[in-house]
Amino acid sequence: MDIAILLLPEIILTIFALIVLGYDLIWPGRKAVLVTLTLVAVGLAAIGAIYTWGTNKTIMADTISIDDYGVLFKLAGLAATAMVVLLGMSYIPEGRRTQDAKRRLLAISRQGEFYAIMLFAAVSIMFLVSANSLVLIYLSIEFLSIASYILVGYLRDDSLSTEAAIKYFLYGSVTAAAMVYGMSFLYGVSGSVDLPTIAKVIAGTLPSPESLRGIVMPAVVLILAGFGFKVAMAPFHQWSPDAYEGAPTPVTAFISVAPKVGGFAVLYRTLIVALPYFHSDWGGTIAILAVLSMSLGNLVALTERNIKRMLAYSSIAQAGYILIGIAAYSQMGISSTLFYVMVYTLTNIGAFAVAIVISNALGSDSIADFAGLSQRNPSLALLMLFFLLSLAGIPPLAGFFGKFFLFTAALEQNLTWLVFVAVINSVLSLYYYLMIVKVMYVDPPESTVPLETPRPLAVAMGISAIAILVLGIFPTPLINLITTAAAALMQVSS
Amino acid sequence: MNMTLLAVTFLPLVGALVLLLMDNQPSRRNPAVLRWTALGFSVFTFLLSLPLLLTFQTGAGFGSGDMSFVTDVLWIIPWGIHFHIGVDGISLPLILLTTFLTPLALLSGWTSIEKRQKEFLILMLLLETGMLGVFVALDLFLFYLFWEFTLIPMILLIGIWGSDRRVYAAIKFFLYTAVGSLLMLIAILALVVIHANQTGQYTFDLLALKAGLKLDPAAQIWLFLAFFLAFAIKVPLWPLHTWLPDAHTEAPTPGSVILAGVLLKLGGYGMLRYNLGLFPDAARTLAPAIAILAIIGIIYGALVSFAQKDLKRLVAYSSVSHMGFVVLGIFSLNPLGISGAVLQMVNHGLSTGALFMLVGVIYERRHTRLLSEFGGLGISMPIYAALMLIITLSSLAVPGLNGFIGEFAILQGAFATNWIYAAFATVGMILAAVYLLWMYQQIFTGEIKNPANAAVRDLNRREIWSLVPIVIMVFVLGLYPALFLNIIVPAAQSLASQVIQHAALTLQFPFLP
C-alpha cells in the first residue's frame with residue numbers, strides 16, 4: 001500500500017491543524033466552525049486508522065510500524081481528543097455567564113490555538129504509538145510534551161496555570177534528558193536505533209547476551225524515567241497533581257488520558273520488541289513500579305479534598321494497575337493493557353466532564369461542592385456514580401472487566417503477590433471513590449437550585465457512560481480485536 | 001433456555017428501570033404511584049417464582065451437576081464466560097425467601113421512608129435482582145458480578161436512609177465486604193487459571209470447573225480460605241461479625257429486613273455451593289475449626305444479645321447466634337446438618353425479617369428503641385403483642401413453629417459428627433429462650449409505667465398485612481416442613497456424599513413422611 005495512505009491519520013490531522021490555525025487568524029472567534037473542523041479531522045483520522053487495520057508492516061525506513069496494536073491505541077487517542085474537544089467547548093463559557101477572570105480569558109482569546117494544539121497533540125500520539133525506532137520515539141514524546149506544556153499553561157494570566165506549566169516543563173525536560181541518555185546506551189550496545197534490530201543484536205551477542213545485562217538494565221531504568229513521566233507513574237509523578245490542578249479542566253482531562261495512551265503504547269512496544277531477552281529483569285522492575293504507583297496514588301488520594309487533585313492521584317494509581325499488564329509479559333498481558341487503557345480513557349474523561357459541570361456552575365473544584373448532587377441533578381450524579389464505580393472496578397462496568405483482565409494475566413504468569421497488592425489497593429481506592437458517592441448522595445445540598453448540564457458535555461458523558469456499560473457487559477468484540485493485535489505484537493517479540 | 005427463572009431474576013431490574021423513567025414528583029392524583037409500581041413488580045416477581053416451586057423436579061442438584069430451569073448461553077467467548085443460571089434444592093428455597101420478603105420489606109417502609117422515595121425503591125429492586133442472581137448463577141464470573149452488585153445498593157440504603165451513625169455503619173459494612181469479595185475474586189481467577197493450565201481451556205462455568213478441576217491439597221486449602229473469608233464475613237461468622245450490629249442498627253427498617261432476611265444467606269449459600277462444592281477435601285480438613293468458630297458465635301451472640309439495651313441491636317446480635325447454627329450445620333458435613341442449615345436460613349429470614357419489621361413499627365411510633373422505655377404494651381397494642389409473641393417463639397425454636405425444625409436438624413447433624421458440638425450449641429438454644437423472652441417481658445408485660453406507652457396506636461391494616469404472610473409461613477413450615485425438606489434433602493444428600501463418605505449418610509431423616 002502507498003505510504004501516504006498508511007499515514008493518512010497523521011497527514012489529515014496535520015493539515016486540519018494548520019487549517020484551524022489559519023481559519024482563526026482570518027475569521028477570529030467562530031468557535032462552532034473550529035470545533036466542527038477539529039471533530040471532522042479526528043473522525044477522518046479515525047477512519048484512516050481503521051483503514052490500515054491488518055496491515056502489519058514497517059514503513060519510512062522501518063521507523064514507523066503500522067500494525068493493529070498501534071491502530072487500537074490510535075483510536076483510543078483520537079477518542080480522547082474528540083471528547084476533550086467537546087469538554088473544551090463548554091468549559092469556555094460565554095463571558096457574561098461568569099465574572100471569573102480565568103474563564104473569561106479563555107472565552108475571548110486564542111481559541112484557534114487551543115484546537116490546533118489539540119490536533120497537533122493528536123498527531124504526536126499517532127506517531128508515538130506506532131514509533132519503531134528510538135529516534136522517532138524521542139521526537140514524538142517531545143512533540144507531545146511541548147503541546148501539553150502549552151495546553152497546561154494556556155491560561156497565561158492565571159498564576160496556577162503558569163506554575164503548573166513551568167513544573168510540567170522542568171520535570172519533562174529532565175526526564176527527557178535521562179531518556180535520551182538511556183537510549184544512547186542501547187545504541188551503543190547495538191549500533192542501531194531500530195527496535196527489532198536492537199533485539200536481534202542483543203540475542204546474537206557472544207558469548208551470551210547475559211554479558212550485556214550490566215548496560216541494558218541501566219538503560220531500561222533511564223528510559224523508564226522518560227516514559228514514566230508521560231504516563232505519570234510513581235516515582236515520576238510529582239508534576240501531575242500540580243499540573244492537573246492548575247491546568248484548565250478540559251486540558252487536565254486530556255493530559256490525564258492522552259499521554260497515558262501514547263506512553264503505555266510505546267513503553268510496552270519498546271520493552272517487548274527491543275528487549276524481549278531481558279523480560280524477566282524489566283518485568284520485575286515494572287512490577288515494583290506498579291506496586292509503588294498503585295500504593296502511593298491511592299494512599300495520597302485518600303486525603304485529597306480537591307476533585308482535580310484527587311483524580312490526579314487516582315490516575316497515578318490507575319497507571320500502576322496498567323503496569324501489571326506490562327509486568328505480565330505475555331499475549332494476555334498486552335491484551336489486558338490495551339483493554340484497560342481504552343476503558344480508563346473513556347471513564348476518566350467522563351469523570352472530568354462531571355467536574356467541569358460542577359466547576360462551571362459553582363466556580364470551584366472542591367469535592368464538598370458535590371454535596372447533594374443527586375438532588376440537584378440526578379442524572380449527573382448517576383453518571384458520576386457510573387464513572388467512579390468503573391474506576392473502582394465494580395461490576396458490571398468496564399473498569400471491572402479491565403481489572404479482571406489484568407489480574408488474570410498476572411496470575412497466568414504466577415504474579416500472585418502482585419495481584420494481592422493490587423486487590424488491597426482496590427479496596428483503598430474504593431474508599432475515596434465512594435466518599436464522593438457519599439457526598440453526592442448523602443450530604444445535604446447547599447442550595448436546591450437544579451444544575452444545568454451543557455449539551456456538549458452531556459454528549460461526552462453519554463458516550464463514555466454507554467461505552468463503559470457496553471464494554472462491561474459485552475466486551476467480546478473488542479477483546480477479539482485486541483487479541484489479534486496482541487498476538488501480532490507478541491510474534492514480533494518472539 | 002428457561003424463561004421463568006430468567007424472568008424471576010431480571011423482573012426486579014426491569015422494575016427499577018421503569019421507576020427510573022418515571023416522574024420524580026408523584027402526581028397529585030396518585031401520590032403513591034411510585035410505591036405501588038415497585039410493590040407491583042416485586043409481588044409479580046414473587047408470583048412468577050411460585051411455578052418454580054410447583055414444577056420443581058426433585059433431583060440430586062448441584063452435587064451431581066443436575067440443575068433445573070437452566071439457561072446456558074456462551075457470553076464472553078474468548079474467556080469461556082457463560083451466562084449460565086439454574087437452581088437446585090439448595091438454592092430454590094432461598095430464591096423463594098427472597099421474592100417473598102422483598103414485597104414485605106417494601107411494605108414495611110411504606111410510610112417510614114419519606115425522603116427520596118424513588119431512589120429508595122429503585123435500590124430495593126436492584127438489590128433484589130442482585131440477590132436472586134447470586135442464588136441462580138452457575139458461572140463464577142456471573143456469580144461475582146451479582147455478588148458485587150448487591151453491595152452498592154445496600155451501602156446506599158444504609159448511608160442515605162439510615163439513622164444517626166449511618167455513614168459510619170455503611171463504610172464499615174462496605175470495607176468488610178469489599179475485602180472479602182476481592183480476595184474471593186483472586187481465588188476465582190486462580191481457579192480459572194489453574195484449570196486453563198491443566199486443560200488449555202478458559203472457562204468460568206461452575207459445573208465444568210467442578211467436573212474438570214484437579215487441585216492439590218495445599219491449593220485447595222488456600223482457595224477454600226479465600227472463598228470462605230468472603231462468605232464468613234457475610235454470614236457473619238464470629239469473629240468477623242462486628243460490622244453487623246452497626247449495619248443492622250443504622251439501616252432503615254426495609255434495609256434491615258433485607259439485610260438480615262436475605263443478604264446474610266448469601267454467605268451461607270456460598271459456603272454450600274462453593275466451599276463444599278468445589279473444595280470438598282479442604283472442607284473436610286477445616287470443618288472442625290470452622291465448627292468451633294460457629295459454636296463460639298452461637299454462644300457469644302446469645303450472651304451479647306442478652307446485654308443489649310437497644311431493641312434493634314438485640315435482634316442484630318441474635319442473628320450472629322442464629323447464623324452460627326447455619327454454619328455449624330453446613331460444616332457438620334452430613335445431609336442432616338446441611339438440610340437443617342438451608343431450612344434454618346429460610347426460617348431465620350422469616351423470623352428475623354419479621355422481628356425487624358416489628359421493631360420498625362414501634363420505632364415509628366415511639367422514636368426510640370430502648371428496651372427501658374417500654375413496658376405494658378400488651379395492654380395498648382394487643383395485636384402487635386400477639387404477632388410479636390408468635391415471631392419471638394418462632395425465633396427461639398418452639399416446636400410446632402418453623403424455627404424448631406431447622407435447629408433440631410442442625411443439632412442432630414452436629415451430634416452425628418461430634419456430640420460435643422451439639423452439647424455446646426444446645427446452650428445457645430437455651431440462651432435464645434432467655435434473651436428473647438426477657439425482651440418480650442420487658443416490652444409487653446406488666447403495667448404501663450411510661451405514659452407515652454398508653455397512647456400508642458395498635459397496628460394498622462398495612463402493617464398487619466405485611467406481617468400476616470410471614471406468620472402464615474411460620475406455621476406452614478413448622479407443621480409441614482416437608483414442603484421444603486422434600487426438595488432440600490436430596491440435594492443435601494448428594495452434596496454431602498461428595499464431601500464425605502461415612503455412616504452419617506444412613507441416618508434416618510426426621511420430619512419426613
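Along every chain, residues carry numbers that run from 1 in the direction the sequence is written. Starting at A for chains and at 1 for ligands, labels are handed out in the order in which the entities are written. pLDDT decides what is reported in this predicted model: residues at 70 or higher carry local features, side-chain atom pairs at 80 or more are listed and counted, and totals for whole chains, interfaces and linings draw on all residues regardless. Side-chain metrics rest on all non-hydrogen atoms present in the structure, leaving aside hydrogens and water.

Considerations on the overall build of chain B
For clarity, the threshold we go by: We count a stretch as a helix when DSSP gives it H or I for four or more residues in a row; a strand needs E for two or more, and each element gets its number in order from the N terminus. The globule rule used here is 2.2 Å times the number of residues to the 0.38 power, and the radius of gyration it is set against is calculated over C-alpha atoms. Relative accessible area decides the class of each residue, using a 1.4 Å probe on protein chains only: under 20% of the type maximum gives buried, over 50% gives exposed, and in between gives partly exposed. In what follows, a contact means two residues having at least one pair of non-hydrogen atoms within 4.5 Å. Note on areas: these come from Shrake-Rupley sampling with a 1.4 Å probe, and a residue is covered only by the protein chains present in the view. When charges are counted, neither His nor the chain ends are considered; positive counts come from Lys and Arg and negative counts from Asp and Glu. Taken as the charge location is NZ of Lys, CZ of Arg, CG of Asp or CD of Glu.
A count of helical and extended segments in chain B gives 20 helices and two strands. By the compact-globule yardstick of 24 Å for 513 residues, chain B fits well, its C-alpha radius of gyration being 22 Å. In chain B, which comprises 513 residues, the share counted as buried stands at 67%. Excluding contacts between residues fewer than 6 apart, the proportion of contacts in chain B whose partners are at least 24 apart in sequence is 80%. With the model as given, the accessible surface of chain B reaches about 16,800 Å², and the carbon-plus-sulfur share is 67%. Side chains of chain B give 25 positive and 22 negative charges; the mean places of these two sets differ by 7 Å.

Points about the confidence of the model for chain A
Convention followed: What pLDDT reports is the predictor's confidence in each residue, on a scale of 0 through 100.
On average, residues of chain A score 87 in pLDDT, and 96% of them reach the 70 mark or higher. Counting interchain partners and residues more than four positions distant, the pLDDT-below-50 stretch residues 93-99 of chain A has eight contacts.

Some remarks on the interface of chain B and chain A
Worth spelling out the cut-off: Buried area is calculated as the accessible area (1.4 Å probe) missing from two parts once they are joined, with the contributions of both summed. Nitrogen and oxygen atoms within 3.5 Å of one another constitute a polar contact, given that in protein one can donate a hydrogen and the other can accept it, and given that sequence-neighbouring residues count only through two side-chain atoms. Each residue is assigned to one of three groups, with Ala, Val, Leu, Ile, Met, Phe, Trp, Tyr, Cys and Pro labelled nonpolar, Asp, Glu, Lys and Arg labelled charged, and all others, Gly among them, labelled polar.
Each side of the interface is counted separately: chain B has 36 residues, and chain A has 36 residues. Summed over both sides, the interface of chain B with chain A buries roughly 3,100 Å², with 84% coming from carbon and sulfur. Linking chain B to chain A there are five residue pairs in polar contact (both at pLDDT 80 or more). The residue makeup of the side of chain B that touches chain A, split by class, is 30 nonpolar, two polar and four charged.

So, helix α20 (residues 455-473) of chain A
Residues and elements named next belong to chain A. The condition is simple: In this scheme, a helix's expected span is set at 1.5 Å multiplied by one less than its residue total. Each direction from the helix axis to a C-beta atom contributes to the arc, which is the arc of those directions.
With 19 residues, α20 extends 27 Å from end C-alpha to end C-alpha; this agrees with the ideal 27 Å at 1.5 Å per step. Within α20, burial applies to P456, L457, A460, M461, S464, A465, A467, I468, L471 and G472. Buried residues of α20, seen end-on, are gathered within an arc of 165° and therefore sit on one face of the element. Opposite the buried face of α20, at more than 90 degrees from it, the exposed residues are R455 and I466.

Quick notes on unusual backbone geometry
All names here are of chain A. That bond from A234 to P235 is cis: its omega, 0°, falls within 30 degrees of zero. Inspection of the secondary structure puts P235 in the loop between α10 (213-231) and α11 (239-246). P395 connects to P396 through a cis peptide bond whose omega is 5°. If you trace the backbone, P396 turns up in the loop between α17 (378-392) and α18 (398-412).

With respect to the environment of B:S339
Relative to the helices and strands, B:S339 is located in helix α14 (residues 335-366). Residues B:S339 and B:N486, 147 residues apart in the sequence, show an inter-C-alpha distance of 9.9 Å.

Quick look at the pattern of salt bridges
This is how it is decided: A pair is scored as a salt bridge if a Lys or Arg side-chain nitrogen falls within 4 Å of a carboxyl oxygen belonging to Asp or Glu.
Across all of its chains, the model carries 21 salt bridges over all chains by this definition. A salt bridge links A:D242 to A:R309; the shortest N-O distance between them is 3.0 Å. Pair noted here: A:D242 is in helix α11 and A:R309 is in helix α14 (residues 307-327), with a separation of 67 residues, a long-range link. Judged by relative accessible area, A:D242 falls into the partly exposed class, the value being 22%. With a closest N to O distance of 3.9 Å, B:E250 and B:R165 form a salt bridge. Highlighted residues: B:E250 in helix α10 (residues 243-250) and B:R165 in the loop between α6 (151-161) and α7 (166-199), separated in sequence by 85 residues.

Details of helix α3 (residues 31-51) of chain A
Along its 21 residues, α3(A) runs 30 Å from first to last C-alpha, staying within 8% of the 30 Å computed at 1.5 Å per residue. Of the positions making up α3(A), those classed as buried are A:K31, A:L34, A:V35, A:L37, A:T38, A:A41, A:V42, A:A45, A:A46, A:G48 and A:A49.

Describing the packing of helix α16 (residues 382-395) of chain B against helix α19 (residues 461-479) of chain B
Residue and element names in this part refer to chain B. Definition in use: Here an axis means a line fitted to C-alpha atoms, over the contact stretch when the element is a helix, while the angle between two N-to-C directions is reported on a 0 to 180 degree scale. Rotating anticlockwise by less than a right angle from the far helix to the near helix defines a left-handed crossing, while the corresponding clockwise rotation defines a right-handed one.
Following both chains from N to C, one finds α16 and α19 inclined at 35°, their axes separated by 11 Å at the closest point. Crossing angle aside, the handedness with which α16 passes α19 is left-handed. Of α19, the residues touching α16 (which contributes I383, L387, I390, I391 and S394) are I464, L467, I470, V471, V474 and F475. Residues belonging to the contact of α16 with α19 are distributed by class as follows: 10 nonpolar, one polar and no charged.

A word on the environment of B:I410
In this structure, B:I410 sits in helix α17 (residues 402-417). The sequence separation of B:I410 and B:F444 amounts to 34 residues, and the corresponding C-alpha distance is 31 Å.

Remarks on the packing of aromatic side chains
Our working definition: For Phe, Tyr and Trp, where Trp contributes only its six-membered ring, two rings pair if their centres lie within 6.5 Å, and the inter-plane angle classes them as stacked under 30 degrees, edge-to-face over 60, or tilted in between.
Going through the model one piece at a time under the given rule, you end up with 59 aromatic pairs over all chains. With a centroid separation of 6.2 Å and 25° between ring planes, the pair formed by A:Y171 and A:F229 is classed as stacked. Placement of the pair is A:Y171 in helix α8 (residues 159-190) and A:F229 in helix α10, with a sequence separation of 58 residues. Relative to B:F444, the ring of B:Y384 lies with its centre 5.5 Å away and its plane at 50°, an arrangement referred to as tilted.

Brief notes about a nonpolar patch on the surface
Residues and elements named next belong to chain B. Which entries qualify depends on this criterion: A patch is a set of surface residues, each over 30% in relative accessible area and not in a salt bridge, joined within 9 Å for like charges and within 5 Å for the nonpolar side chains Val, Leu, Ile, Met, Phe, Trp and Tyr.
Together, I472, F475, V476, L479, Y480 and L483 make up a nonpolar patch on the protein surface, roughly 540 Å² of accessible area in all. Sorting elements by how many residues they give to the nonpolar patch places α19 first, with four residues. Its place among the elements puts F475 in helix α19.

Some details on the pairing of strand β2 (residues 81-87) of chain B
Look at any regular strand and the pattern is simple: side chains alternate between the two faces of the sheet. Residue and element names in this part refer to chain B. The test is simple: Any two strands between which DSSP finds at least two bridges are classified as paired.
Burial analysis of β2 places seven of its seven residues in the buried class, which makes it a mostly covered element. Burial along β2 is two-sided: I81, F83, I85 and V87 facing one way and H82, H84 and G86 facing the other are all buried. Direction of pairing for strand β1 (residues 68-76) relative to β2: antiparallel, over a ladder of six bridges. When the bridges of β2 are listed, T71 appears paired with I85.

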